[in-house]
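# Reading the structure
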Amino acid sequence: MYFKIIIIGLIFQLANATLQSRARQNFNCDDKINQQIAKEFEASQIYLSLANYFGHDRVALEGFAKMFKHSWKEELEHAQKMIEYGLLRGAKVDTPSVPKPVDSKWLEMNTCQIVDYVLNLEKSVNDHLLQVHRCGESDPQLQDFIEGEYLKEQVDANKELSDLLSRLERTTMHLKSDGTKTSLCDGLGLHIIDQELSKKFA
Ligand SMILES: [Fe+2]
């Protein structure tokens, strides 16, 4: 009986075993780093889903497909960079569980609504980066990493997507019979913007 308890104890210890880092110093943000890695992977999956949607022959917006393919790879790089940083600091880096996007969601949205969705996605990623930054309040090196490698790029993405949405709305503006204007987010205006994106992300 006593022997059995020892064996169970050993199994329990092994199941909870973690590698203790030698390099680790003044670092206490494992959870935040792991959550950020998961967020970057989640964003990359959404961008992959969007690249596939815009690349379909019934949508055929090549420029948007290229832009989202570019974003897909960029988010994977962000995740990779965060993993490398976690390992550098001796963090317990988890392999994230990444949800599958609902691919059919895009069918219910026009391109302007999709760009607005993506803008909010980038803002939520940025919100979490700011949480990682706050976690590093007494860790100047972590804050320096987040500021140098992520925050500038995030504010640039917010501006770029906001500009794109404004241009999309303007070029697809339609004058209604009652004199009011509405953006259809389709037609020649959408085609022109798509051509611009196709050149930009060639
Ligand atoms: Fe990112």
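In this numbering scheme, every chain counts its residues from 1 along its sequence in written order. Residues qualify for local features only when their pLDDT is at least 70, as the model is predicted, and side-chain atom pairs are given and counted only at 80 or more; totals for whole chains, interfaces and linings, by contrast, use all residues.

A pair of packed helices is captured by two measures, namely the crossing angle of their axes and the spacing between those axes. Lines fitted to C-alpha atoms define the axes, with helix axes restricted to the stretch in contact, and inter-axis angles between N-to-C directions lie between 0 and 180 degrees. Put simply, DSSP H or I for four residues or longer makes a helix, DSSP E for two residues or longer makes a strand, and each gets a number counted from the N terminus. At a closest axis distance of 8 Å, the pairing of helix α5 (residues 140–171) and helix α6 (residues 187–200) adopts a crossing angle of 145°. The segment α5 lies against α6, with R167, L168 and T171 engaging G189, L190, I192 and I193. Here the nonpolar group is Ala, Val, Leu, Ile, Met, Phe, Trp, Tyr, Cys and Pro; Asp, Glu, Lys and Arg are the charged ones; every other residue, Gly included, is treated as polar. For the contact of α5 with α6, a count of residues per class yields four nonpolar, two polar and one charged. Whether two residues are in contact depends on their C-beta atoms, placed from the backbone: they are in contact if these lie within 7 Å.

Turning next to the UniProt feature "binding site: Fe cation" (unreviewed entry) in the protein. UniProt positions are given in the numbering used here, feature names are shortened, and annotations may be inferred rather than shown by experiment. The feature "binding site: Fe cation" (unreviewed entry), as annotated in UniProt, sits at E40, E75, H78, E122 and Q154 in this numbering. Considering the C-alpha atoms alone, the annotated residues occupy 115 residues of sequence yet fold into one spot, their largest mutual distance being 12.6 Å. Within the element layout of this structure, E40 appears in helix α2 (residues 30–55). With residues near it in sequence (within four places) discarded, E40 still touches E75, H78, A79 and M82. As for its placement among the helices and strands, H78 is situated in helix α3 (residues 62–88). Buried means a residue has 20 or more other C-beta atoms within 10 Å of its own C-beta, exposed means 12 or fewer, and partly exposed covers the counts in between; C-beta atoms are placed from the backbone. For H78, a count of 23 C-beta atoms within 10 Å corresponds to the buried category.

To continue, consider the nonpolar core. With 23 residues, the main nonpolar core has L50, F54, F64, F68, V115 and L168 as its most contacted residues. Of all the secondary structure elements, the ones that give two or more residues to this core are α2, α3, α4 (111–135), α5 and α6. Per element, the largest residue contribution to this core is six residues, and it comes from α2. In contact with F54, not counting residues within four places along its chain, are V59, L61, F64, A65 and F68. Here a nonpolar core is just a set of buried residues of the types Ala, Val, Leu, Ile, Met, Phe, Trp, Tyr and Cys, joined wherever their C-beta atoms sit within 7 Å. Formed by 14 residues, the second largest nonpolar core is a distinct cluster that contains A79, M82, I83 and V132.

In this section: the environment of I114. Position of I114 relative to the elements: it lies in helix α4. Taking the C-alpha atoms as reference points, I114 and L165, separated by 51 residues in sequence, lie 9.4 Å from one another. When neighbours within four sequence positions are excluded, I114 is seen to be in contact with L50, W106 and M109.

In this section: α5. Working note: α-helix, 3.6 residues per turn, so residues spaced by three or four point in the same direction. In this model α5 runs 46 Å from its N-terminal to its C-terminal C-alpha over 32 residues, within 8% of the 46 Å that 1.5 Å per residue would give. The largest bend along α5 reaches roughly 40° and is located at E147. Buried within α5 we find L142, I146, Y150, L161, L164, L165 and L168. The secondary structure elements touched by the buried residues of α5 are α4 and α6. To estimate how far a helix should extend, the number of its residues minus one is multiplied by 1.5 Å. A residue's bend is given by the angle between axes fitted to the 7 residues ending at it and the 7 residues starting at it.

Despite not being glycine, A60 shows a phi value in the positive range, around 50°. With respect to the helices and strands, the residue A60 is situated in the loop between α2 and α3. In the Ramachandran plot, C185 falls in the positive-phi region, its phi being about 55° despite a non-glycine side chain. Residue position: C185 is located in the loop between β2 (181–183) and α6.

This paragraph deals with α3. Helix length check: α3, at 27 residues, gives a terminal C-alpha distance of 39 Å against a target of 39 Å (1.5 Å per residue), a fit within 8%. Two residues or fewer past α3, G90 is found with a positive phi of approximately 80°.

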